[in-house]
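Residue strings, one per chain:
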Amino acid sequence: MSMFPKDAMRVLKETSRTFYIPITFLQKELKYSVASAYLVFRAIDEIEDHEQLDNEVKYTILMQVSELFKQPFDNEAYVKILGGTKDQMPEVTLRLEEWLEACPKDTLPIVANAACEMAFGMAKWAKENWEIRTREDLDDYTYYVAGLVGVTLSDLWEHYGEEKTDRELAIGYGRGLQAVNILRNEQEDLDERGISFVPDGWSRAELFDYADENLAKADDYMKSLHKKTILLFCRLPLALAHKTLKAMKEGREKITRAEVEQTVEEVQLD
């Protein structure tokens, strides 16, 4: 495979500090596959999260983008789908074709299938204005935005013959991280987007339980991993999620930059 574009790693670092570091722990081909997948997912996520676009527009774009992943990627069609929204999109979204091209050919189907499913799920929830009424709704939403990432990673570990893992636990891992994000951003989501991801009748206590329950699955997922580099990769986001949850239970908003840096060091010591 040709060299992975240095620029892709730059964009990755700029869009996610939490995942950039663990991705650098991985072995070559696997590292490129995971980095590509992350950039592709982020490209779609930025459309879902966009503050200026209304939900119908998001729904239309994401449904059409979902279809694009079912065949070899057509960038002209993609630009046409984005249409007038193109000027408002971040770099990571505009360069979607490049992230797909950077993906090792043998894992591209795994990444493209997951992106297809993710764009579809995000489209569905944008149309619903993210109105999470029940626990089932929350499970469905967190599956599309995070559980699916866990499944994709498990598929990639297995593809490279590194690990065989339980997909349900992988989904729990993704959901656990997402639940912590929902707790952390609850007020901001309400204030800035007028959205609540909290099921009807739930207080923060139930949301904490939901996070704990899924992080317990993530901890079980960790027990099934053996390969050092993959353990390192999975350990960091999970350690940060556990610490953030603990801080919020103590009434703090989030952990400090120093605590993040300390965690990065701790994770690499074991």
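Everything numeric in this text was worked out from a predicted model, so none of it was measured.

Q: Before we move on, can you summarise the nonpolar core with the specific residues and values?
A: Ranked by internal contacts, the top residues of the largest apolar core, which has 92 residues, are Ile-23, Val-34, Val-40, Phe-69, Trp-157, Phe-233 and Cys-234. Leaving out residues up to four positions away in the same chain, Cys-234 has contacts with Trp-157, Tyr-173, Tyr-221, Met-222 and Leu-225. Of all hydrophobic cores here, the second largest spans 10 residues; its members include Leu-232, Leu-236, Ala-247 and Ile-255.

Q: Run through the environment of Pro-72, naming residues and quoting values.
A: Among the secondary structure elements, Pro-72 is positioned in the loop between α4 (55–68) and α5 (75–82). Given a relative accessible area of 77%, Pro-72 falls into the exposed group. The spacing of Pro-72 and Thr-142 is 70 residues in sequence and 28 Å in space, taken between C-alpha atoms.

Q: Which residues make up the side chain of Ser-66, and what values go with them?
A: Its place among the elements puts Ser-66 in helix α4. Under the relative-accessibility criterion, Ser-66 is labelled buried at 4%. In contact with Ser-66, not counting residues within four places along its chain, are Cys-116, Ala-119 and Phe-120.

Q: Which residues make up the pattern of salt bridges, and what values go with them?
A: The full count for this structure, using the stated rule, is 27 salt bridges. For Glu-67, the salt bridge goes to Lys-70, with nearest N and O atoms at 2.9 Å. By relative accessible area, which is 42% here, Glu-67 ends up partly exposed. Residue Lys-70 is classed as exposed on the basis of its relative accessible area, which comes to 52%. A single salt-bridge network, built from bridges that share partners, covers Asp-7, Arg-10, Glu-14, Glu-91, Arg-95 and Glu-98.

Conventions and cut-offs
Residues numbered from 1 in each chain as written. Predicted model: local features only at pLDDT ≥ 70, side-chain atom pairs only at ≥ 80, totals over all residues. Heavy atoms only, no water. Core = buried A, V, L, I, M, F, W, Y, C linked by side-chain atoms within 4.5 Å. Buried < 20%, exposed > 50% of the residue type's maximum accessible area, 1.4 Å probe, protein only. Contact = heavy atoms within 4.5 Å. Helix = DSSP H or I, 4+ residues; strand = E, 2+ residues; numbered from the N terminus. Salt bridge = Lys/Arg side-chain N within 4 Å of Asp/Glu carboxyl O.

Interpretation note: all reported values are geometric properties and have no functional meaning in isolation.
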